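Residue-level listing of the chains:
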Amino acid sequence: LKSANDNSGDEARRLKEKANQYRNEAEKLRLTLGLKRIEELKDDIQQFMSTEEFGSTEQEQKKFTELKARVEELVRKSVGDAEAEQLLAGLSSFSSNNSIMPVQSSPSSDVSVALTEEEMKSAISFVGSLPIPVKDTLAKAAGYPNYDSIINLEEFVNNLYVNKDASTEKLRRLYFQAFAKNIPGGADIVVKDSKEEYEIEGLSKAIQQQINDRMENSTRAMELFPRVVQDADEAILPREIDANVIFQLLDRTTFMAVEKPMQVEGGYIIRGENKRKTATQLLEVIDEKLAKESPQWQESFQLSFVEIYADSSEQLFEDALLITPNKFAPMAPKLFAGVITAISLFSSFVYCIDTFSENEAVMQRLKEASEQATSGIVGAYDLTWFNELLVPMLVTLGLAQGLHEAGHLVMSWSKGIKMTPPTILPSQALPYLSFQNRLKTSPKDYTDLYDFAFAGPVTGLTVSFIALLFGLQLTTEVDQSVAQLLPSLPVGFIAQSTLGGTIVDLLLGGGDGILINQDPSTQIPLHPIAIGGFLGMIIHAFDLVPIGSTDGGRMSQAVLGRVWHLTFSSLVFTVLFLTSLFSDGFNLLLGFLFIYSFTQRDMEIPCKNEIDRVELPRAVAAFVSWVLVALILCPLS
């Protein structure tokens, strides 16, 4: 067996067979087929017994004999021969000398095999971890058609022990036969009986076709990962020798690889099955081995345990080890990001000033100040009154966003995550759209990614909500002279938020819809802090929308995983787009989707552990936050 493995192991590992999938399917198939045969036999016996005077004719006697044969076959395949004899002896039909049809029973031996219970369990466990071709080889060596035909594993192990002296040549031929059967197009390959002759040409063609298919599908395995991973600089990408460092550390107690490291865009992947209880345990064991065998490896590269798209149509995704650089450089040049940030800051300042544009008293006083300034009279104009109104709005927006970024910084520091400075994204309908941070190093797991994403926008949203309530209270308390100078927002804009519009109408209009039901162009004077809170609430709600690599998208990926996050994200995008089509006037959603399509449509860089999901409390918190986002961003009907 070892010789056979040595000769064909390299070819077998290049194939996309997945040992875990085949083993699970084989177990289910054996159980399903066994139950199905029992049910069929039960129905046939009941039907036979329902006939009057059954067994009286020659045809019925023949049928009876056939049923007895099927019963004996099931019993002998389910238990050992000794147990079968005892069970059958208790039935009068089998204790008689009536002849029955010959039954093909499981191969067995009269030799008594003295294996302890512990040795038997160890043997069964080891055989279960072997690749499919090796299992079929052992099954044939023990006298079975293939591994899937085995019903009693203990009997199979006993037969293996009896046939332990099988020749190497016989095992090699059996392995070649099993290996060819598990290759698409290999089932028709003939294995000749000659000790030296094999149809190598046919098998080589089948293997080459598998390699070509895998090369064509190599990009599919990386479709779930962002461009910053796929388009990484070749100078920092791992080489085959670097991937083999990890491959050499894998064994049947850690990760059962079904193929050698396969090069993909951005690094290497190794498909296989985790033999540890959790993904965390697997990565810890490999990290310990790396620290001993190749401590410098982690200075340049990282190992992640992730989900990738499966090449097989039988399953949607599969687990794999992903080898990539340990740092990811942002794609946008720093100069470009700086220019965008400067433009966004300027437009935010102009937007806040524009909230006073519908106030005729303010515009008149500003016009007079401008005329005095152009006349050259020093000290003739004073804008302190205007600054006292503008600054609170700017401070409210800045405080909420500052605490948002502080939440990210605290979490990144505590979790050991490096990120880029924020880039401020512009917006036409808001002061700005978002502060975008890119991760430069991978989080440890989805829990760390979730905590990093959740801390920022929830903090900013909370501050904005409090500011809105406080500002609305101040709106009702200002004296008449200040009320004449307040900035304002149009009813149509306030109605873009179900939650925000309802709160404004409740606190200022008594909740009867008096304010919201006015003409959309009607201006509603609000305290600057209330306007800052209202705008901030919408801005931070957009950050929580679960699409792409927004903070909400990161949370969605942590809760659902990459594959289902992509599905959920697409659904949310479609809903937002359709909603925007029916939105009148101020179209906040369409502007958000437009900017998002250029800046945040990719998913996040890989975490080191993407197999273990976040705990239930975090998932519930994410769901609650998304419901809140829907209430904030969905327009009032």
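Residues numbered from 1 in each chain as written. Predicted model: local features only at pLDDT ≥ 70, side-chain atom pairs only at ≥ 80, totals over all residues. Heavy atoms only, no water.

1. Thoughts on a nonpolar patch on the surface
Put simply, the test is: Two distance rules govern patches: like charges are joined within 9 Å, and nonpolar side chains (Val, Leu, Ile, Met, Phe, Trp, Tyr) within 5 Å, applied only to residues with over 30% relative accessible area and no salt bridge. For the area figures, the Shrake-Rupley method with a 1.4 Å probe applies, and any residue is considered shielded solely by the protein chains shown. Salt bridges are counted wherever a side-chain nitrogen of Lys or Arg sits within 4 Å of a carboxyl oxygen of Asp or Glu. Secondary structure follows DSSP: runs of H or I at least 4 residues long count as helices, runs of E at least 2 residues long count as strands, and numbering of each begins at the N terminus. Three exposure classes are used, based on accessible area relative to the maximum for each residue type with a 1.4 Å probe and protein chains only: buried under 20%, partly exposed in between, and exposed over 50%.
Taken together, the side chains of Leu616, Val620, Phe623, Val624, Val627, Leu628 and Leu631 define a hydrophobic patch exposed on the protein surface, amounting to about 630 Å² of accessible area. Mapping Leu631 onto the fold places it in helix α24 (residues 616-633). Owing to a relative accessible area of 40%, Leu631 belongs among the partly exposed residues under this scheme.

2. Re a positive patch on the surface
Condition: For this count, His and the chain ends are skipped, Lys and Arg are scored as positive, and Asp and Glu as negative. The atoms used to mark charge sites are NZ of Lys, CZ of Arg, CG of Asp and CD of Glu.
On the surface, Lys327, Lys334, Lys418 and Lys440 cluster together into a positively charged patch. Summarising the element assignment, Lys440 is placed in the loop between β7 (434-436) and α17 (446-475). Residue classification places Lys440 among the partly exposed residues on the basis of a relative accessible area of 32%.

3. Some words on the pairing of strand β4 (residues 301-309)
We apply this condition: Any two strands with at least two DSSP bridges between them are considered paired.
Of all 9 residues in β4, 9 are buried, a share of seventy percent or more. Pairing of β4 with strand β5 (residues 317-325) involves 9 bridges; the strand directions are antiparallel. Within β5, the residue paired with Val306 across the bridge is Ala320.

4. A closer look at the pattern of salt bridges
Applying the stated criterion to the full structure yields 14 salt bridges. Close ionic contact of Arg271 with Glu318 constitutes a salt bridge, the shortest N to O distance being 2.4 Å. Here Arg271 is found in strand β3 (residues 267-274), whereas its partner Glu318 is found in strand β5, with 47 residues between them in sequence. With respect to burial, Arg271 and Glu318 carry one shared label: buried. The salt bridge partner of Arg554 is Asp551, with a shortest N-O separation of 2.9 Å. Highlighted residues: Arg554 and Asp551, both in helix α22 (residues 551-581), separated by 3 residues, approximately one helical turn. Look at the salt bridges and you will find they share partners, linking Lys415, Asp448, Asp451, Glu615 and Arg618 into a network.

5. Comments concerning the environment of Leu571
Of note, Leu571 is situated in helix α22. The exposure class of Leu571 is exposed, given its relative accessible area of 51%. Sequence-wise, Leu571 and Pro546 are 25 residues apart; in three dimensions their C-alpha atoms are separated by 9.9 Å.

6. Remarks on the nonpolar core
Note the following rule: Residue types Ala, Val, Leu, Ile, Met, Phe, Trp, Tyr and Cys, when buried and joined through side-chain atoms within 4.5 Å, form a set referred to as a nonpolar core. We call two residues in contact whenever any of their non-hydrogen atoms come within 4.5 Å of each other.
In this structure, Phe493, Phe534, Ile538, Phe542, Val545, Phe592 and Leu633 are the most contacted members of the largest nonpolar core, which totals 88 residues. It is helix α21 (residues 528-543) that provides the largest number of residues to this core, a total of 9 residues. The contact partners of Phe534, leaving out residues within four places of it in the chain, are Leu468, Leu489, Phe493, Ile494, Ser497, Gly500, Gly501 and Val504. Core analysis: the next-biggest nonpolar cluster, separate from the first, contains 20 residues, Ala279, Trp297, Phe301 and Leu321 among them.

7. A closer look at the confidence of the model for the protein chain
Put simply, the test is: Across the chain, each position has a pLDDT score giving the predictor's confidence in that residue, from 0 to 100.
On average, residues of the protein chain score 79 in pLDDT, and 71% of them are at 70 or above. Summarising per-element confidence for the protein chain, the mean pLDDT is lowest in helix α5 (residues 92-95) (47) and highest in α21 (96). Ignoring residues within four places in sequence, the model shows residues 94-112, a span with pLDDT below 50, making 35 contacts including any to other chains.

8. Observations concerning the packing of aromatic side chains
For clarity, the cut-off: For this analysis, a ring pair means two rings from Phe, Tyr or Trp (six-membered ring only for Trp) whose centres lie within 6.5 Å, classed as stacked if their planes differ by under 30 degrees, edge-to-face if by over 60, and tilted for the remaining angles.
Counted by the stated rule, this structure contains 12 aromatic pairs. Summarising the aromatic geometry, the rings of Phe493 and Phe534 are spaced 6.0 Å apart at their centres and angled 55° between planes, so their arrangement reads as tilted. Taken as a pair, Phe493 in helix α19 (residues 491-494) and Phe534 in helix α21 lie far apart in primary sequence, 41 residues in all. Both rings, one in Phe592 and one in Tyr596, keep their centres 6.2 Å apart while their planes meet at 25°; by these two values the pair is stacked. A residue pair is termed a helical-turn pair when its members lie 3 or 4 positions apart in one helix, as Phe592 and Tyr596 do in helix α23 (residues 588-599) at 4 residues. For the pair formed by Phe592 and Tyr596, the shared burial category is buried. One aromatic cluster is present, built from ring pairs that chain together Phe542, Phe573, Phe592 and Tyr596.

9. Thoughts on α22
Operational definition: What a helix should span is 1.5 Å times the count of its residues minus one. The bend reported for a residue corresponds to the angle between axes fitted to the seven residues ending at that residue and the seven starting there.
If you check α22, its first and last C-alpha atoms are just 25 Å apart, much less than what 31 residues at 1.5 Å a residue would give, namely 45 Å. By the largest-angle criterion, Gly561 marks the main kink of α22, which is about 120°.

10. Side note on the pairing of β3
Along β3, 7 of the 8 residues are buried, which leaves the element largely enclosed by surrounding structure. Bridging between strand β1 (residues 255-257) and β3 involves 3 bridges; their strand directions are antiparallel. Pairing of Phe255 across the sheet is with Asn274, part of β3. As judged from the 3 bridges shared by strand β2 (residues 262-264) and β3, these two strands associate in the antiparallel manner. Along β3, the bridge assignment pairs Val264 with Gly267. Taking the residues that link successive antiparallel strands as the turn, the β2-β3 hairpin has 2 residues, and the phi of Gly266 there is positive, at about 100°.

11. Overview of helix α6 (residues 117-128)
Convention followed: The arc in question is the one spanned by the directions pointing from the helix axis to the C-beta atoms.
Its 12 residues place the ends of α6 17 Å apart at the C-alpha level, agreeing with the 16 Å of an ideal helix rising 1.5 Å per residue. Among all positions of α6, only Met120, Val127 and Gly128 are buried. Along the axis of α6, the buried residues cluster in a sector spanning 100°; they form a single face. Seen from the open side of α6, the exposed residues pointing more than 90 degrees away from its buried face are Glu118 and Ser125.

12. As for the side chain of Thr599
Our working definition: Polar contacts, as used here, are pairs of N or O atoms within 3.5 Å; protein pairs need one atom able to donate a hydrogen and one able to accept it. Residues neighboring in sequence count only if both atoms are side-chain atoms.
Secondary-structure assignment places Thr599 in helix α23. Relative accessible area serves as the criterion here: at 18%, Thr599 is assigned to the buried category. Reaching out from Thr599, the side chain makes a polar contact with the backbone oxygen of Ile595 at a distance of 2.9 Å. Sequence-distant contacts of Thr599, that is, excluding residues within four places in its chain, are made with Leu425, Gln436 and Arg438.

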